[in-house]
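Residue-level listing of the chains:
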Amino acid sequence: MTAGERPGLADATRGRLLYGGDYNPEQWPEETWHEDVRLMKAAGVNSVTLGVFSWSTLEPEPGAREFGPLDTLMDLMHANGIGVVLATPTASPPPWMGRLHPDTLPVTEDGRTEWWGGRQHFSHSSATYRRYAAAITEDLAARYGGHPALTMWHINNEYCTYDHGDEAAAAFRRWLRERYRTLDALNEAWGTAFWSQGYDTWDGILPPRLPHYLRNPGQVLDFRRFTSDMLLECYTAERDIVRRHTPHIPVTSNFMPLWFGQDAWRWAEEEDVVSVDLYPDPRDPLGAQHGALVQDMTRSQARGPWMLMEQAAGPVNWRGVNHPKPRGMNRLWSLQAVARGADAVCYFQWRQSRQGAEKFHSGMVSHAGEDGRTYQEVKRLGADLARIAPEVTGRHITAGVAVLHDWHAWWAGAHDGRLSSRVEYPDVLRAWHRALWQAHLTTDFAHPEHDLTPYPVVVVPQLYALTDASIDNLLAYVRQGGTLVCGFLTGVADEDDRVRPGGMDARLRELFGIRTLHEWWPLEAEETAACEGFRGTLWSEEIEPADPDHTIRYKGGELDGMPAVLRKGRAWYVSTLPEPEALRDLLARIAEGAGVRPVLDGLPEHVEAVRRGEVLFVLNHGREPVTVEVPGTHHDLLTDTAVTDRLTLGRYEVAVLRP
Ligand code: GAL
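About the cut-offs
Residues numbered from 1 in each chain as written. Predicted model: local features only at pLDDT ≥ 70, side-chain atom pairs only at ≥ 80, totals over all residues. Heavy atoms only, no water. UniProt positions renumbered as here; feature names shortened; annotations may be inferred. Helix = DSSP H or I, 4+ residues; strand = E, 2+ residues; numbered from the N terminus. Axes fitted to C-alpha atoms, helices over the stretch in contact; angles between N-to-C directions. Parallel < 35°, antiparallel > 145°, perpendicular 65-115°, else oblique. Left-handed = near helix turned anticlockwise from the far one by under 90°. Contact = heavy atoms within 4.5 Å. Nonpolar A, V, L, I, M, F, W, Y, C, P; charged D, E, K, R; others polar. Expected span 1.5 Å × (residues − 1). Buried < 20%, exposed > 50% of the residue type's maximum accessible area, 1.4 Å probe, protein only. Arc of directions from axis to C-beta. Pairing = 2+ DSSP bridges. Polar contact = N/O pair within 3.5 Å; in protein donor to acceptor, adjacent residues only side chain to side chain.

1. Section: the UniProt feature "domain: Beta-galactosidase C-terminal" (unreviewed entry) in the protein chain
Inference 1: Mapped onto this numbering, the UniProt entry gives "domain: Beta-galactosidase C-terminal" (unreviewed entry) at residues 607–658.
Inference 2: Summarising residues 607–658: 0% helix, 71% strand, and an end-to-end C-alpha distance of 18 Å.

Encoded structure:
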């Protein structure tokens, strides 16, 4: 770190891969702490996150401070060579706060209060909450800022609250005044002429509250922006306090993957380390792809190595039915995260609880204890990570394809009055990423206003609302030689969610060779649209082409003979969601035309390959052994053996090959 630069993940890893997890010793007697340390060391754990939900322990009554146990734990960790990611406890205020200060409790859109007794029952807009949060953060930073165990700050936990109450209403008005300056501008942006919604005073504006019928889309969109910004303010307020005490210690706050309520592009700019919590369903046949998507997105937000803050060693307890991970899967998915750029592999939580709401959620040490399969696998993984760390930590990944994603477009497109409630943005995003993943193409994510020139191919699964600057960026990208592939419902609206004349931005229509977009034809659940060579799902469009260079047409039905896919030069438009194999093949062909190759040729299904720095990760997500062609001579870092040209991987096995 040089003067003026922010510290980063490398300052915490120092060449190792961080391994560990949330540690909640306040749930256990002190003897257990010593047992924990023994087991941690045997498993190669080098990092724990302390304090995430310990507010009522640290501040049992207003203004009191009980730092004794934390002092002991910080010293214990340091004495045993285990670094501490120290959390501010502000995600779960103590019961006294809600009791003495009901203004700290959030209110739902139908006016109900969210009470203490669970967690995350704080209003982001509450001045009282913020005051208490700042005070405990200040005292933690002052007390532990100089402690040698401290490696990173972890602010709050999965910021995700909403508030529609009165204090939030006042904050919303302030936020809107800042954005629009005049009521006329707000009325114009929200289109309040429709349904007699014109505001004559700022005081008349509310957060969205239970309406009789559909809400104003502009109001809802701005409320989502406001919520993300308010939570960000809570984060930066605490971050600035810890930074003042410890400018050399990196700061993070853990994201939930693809969480609707938080513009994570914007947030990532405010973090020193980007971290995420990732819980794919072990029973989901596409669980590994879900993991890959989140990992690609987090790496892109971090612009390099990132931190897997939480995953589960076994089952979670918040699905309808919660399945354990079969033997080998925890190792496989952990190494997948490292393959895709993680420099830290951590869990919720170290020791499975015996009490509390998550006592059936797995831990690294399960109820079965040291001899249990979970801990034994955790131990094996610790040794694996130590073995590969010198060759992978800090290394970057080069992707040939960027997938564009933007929260504001998602928020705008999610309005209740849309044409098909079957079109859910995350599903469309997943379908496109899945196609690229199954084609073995390495992908980054990017924001539509980012520099796209490093990528030969850019795909836009669906960006319903685009700013003028984003459209300029896409046009410039194609002009400079990039290949662009856009999916349906892209470029429909501007940033105020005002439909652009013609139902799609005119410059985009021209780019794709579309004269008129006559109608959208959403499809029912069991309905498909036959096209030349494949079937479309979810959506179709009645398009009159202008001058495309190439089309794939709809066959039969109302749209018979009209273009389903258009290409003009290097710009493609796909007006339906092709079935998975068809989308995979289409994108693979387009990528190949742009000179982007899969990581390895001829990879069997269920095998994933990723190149990180010099190292090639090969992961078998299948339950059957596979043979993979890996031309050349390599050294498998996990088994310490030579591999020439070909490799056999058993179920859920991984090879980490150095040339
Ligand atoms: C996360 C949370 C953890 C734990 C975990 C269970 O959302 O940050 O505290 O609740 O889920 O899967």
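2. A short note on the packing of helix 12 (residues 329–339) against helix 13 (residues 373–392)
Inference 1: Packing of helix 12 against helix 13 leaves a shortest axis separation of 10 Å and a crossing angle of 20°. For the element pair helix 12 / helix 13, the angle class is roughly parallel. For the pair helix 12 and helix 13, the sense of crossing is right-handed. Residues Asn 330, Arg 331, Ser 334, Leu 335 and Val 338 of helix 12 pack against Glu 377, Val 378, Arg 380, Leu 381, Asp 384, Leu 385, Ile 388 and Val 392 of helix 13.
Inference 2: Per-class residue counts for the contact of helix 12 with helix 13 are 7 nonpolar, 2 polar and 4 charged.

3. Section: helix 4 (residues 68–79)
Inference 1: Taking 1.5 Å per residue, 12 residues should reach 16 Å; helix 4 reaches 17 Å between its end C-alpha atoms and fits that length.
Inference 2: Those residues of helix 4 that sit buried are Leu 70, Leu 73, Met 74, Leu 76 and Met 77. The buried residues of helix 4 occupy an angular sector of 165° when the element is viewed end-on, so they sit on one face.
Inference 3: Looking at the residues trailing helix 4, positive phi occurs at Gly 81, about 70°.

4. Overview of the sheet that holds strand 5 (residues 251–252)
Inference 1: Read across the open sheet, the 9 strands follow the order 5-4-3-2-1-9-8-7-6; overall the sheet is parallel. Looking at strand neighbours, the two that pair on one side only are strand 5 and strand 6 (254–255), the edges of this open sheet.
Inference 2: In the packing of helix 11 (residues 287–302) onto the sheet, contacts are made with strand 6, strand 7 (275–277) and strand 8 (306–310), and the angle to strand 8 comes to roughly 130°.

5. Focus: the side chain of Thr 576
Inference 1: Assignment of secondary structure puts Thr 576 in the loop between strand 20 (571–574) and strand 21 (577–578).
Inference 2: With relative accessibility at 0%, the residue Thr 576 sits in the buried group.
Inference 3: Here Thr 537 takes part through its backbone oxygen, which lies 3.2 Å from a polar atom of the side chain of Thr 576.
Inference 4: If sequence neighbours within four positions are ignored, Thr 576 has contacts with Phe 488, Cys 531, Phe 534, Gly 536, Thr 537, Trp 539 and Tyr 554.

6. Some words on the sheet that holds strand 21
Inference 1: Spatially, the 3 strands line up as an open sheet ordered 15-16-21, and their pairing is antiparallel. This sheet does not close on itself; its edge strands, each paired only once, are strand 15 (529–531) and strand 21.
Inference 2: As paired elements, strand 15 and strand 16 (residues 534–537) share 3 bridges and run antiparallel to each other. Within strand 16, the residue paired with Ala 529 across the bridge is Gly 536.

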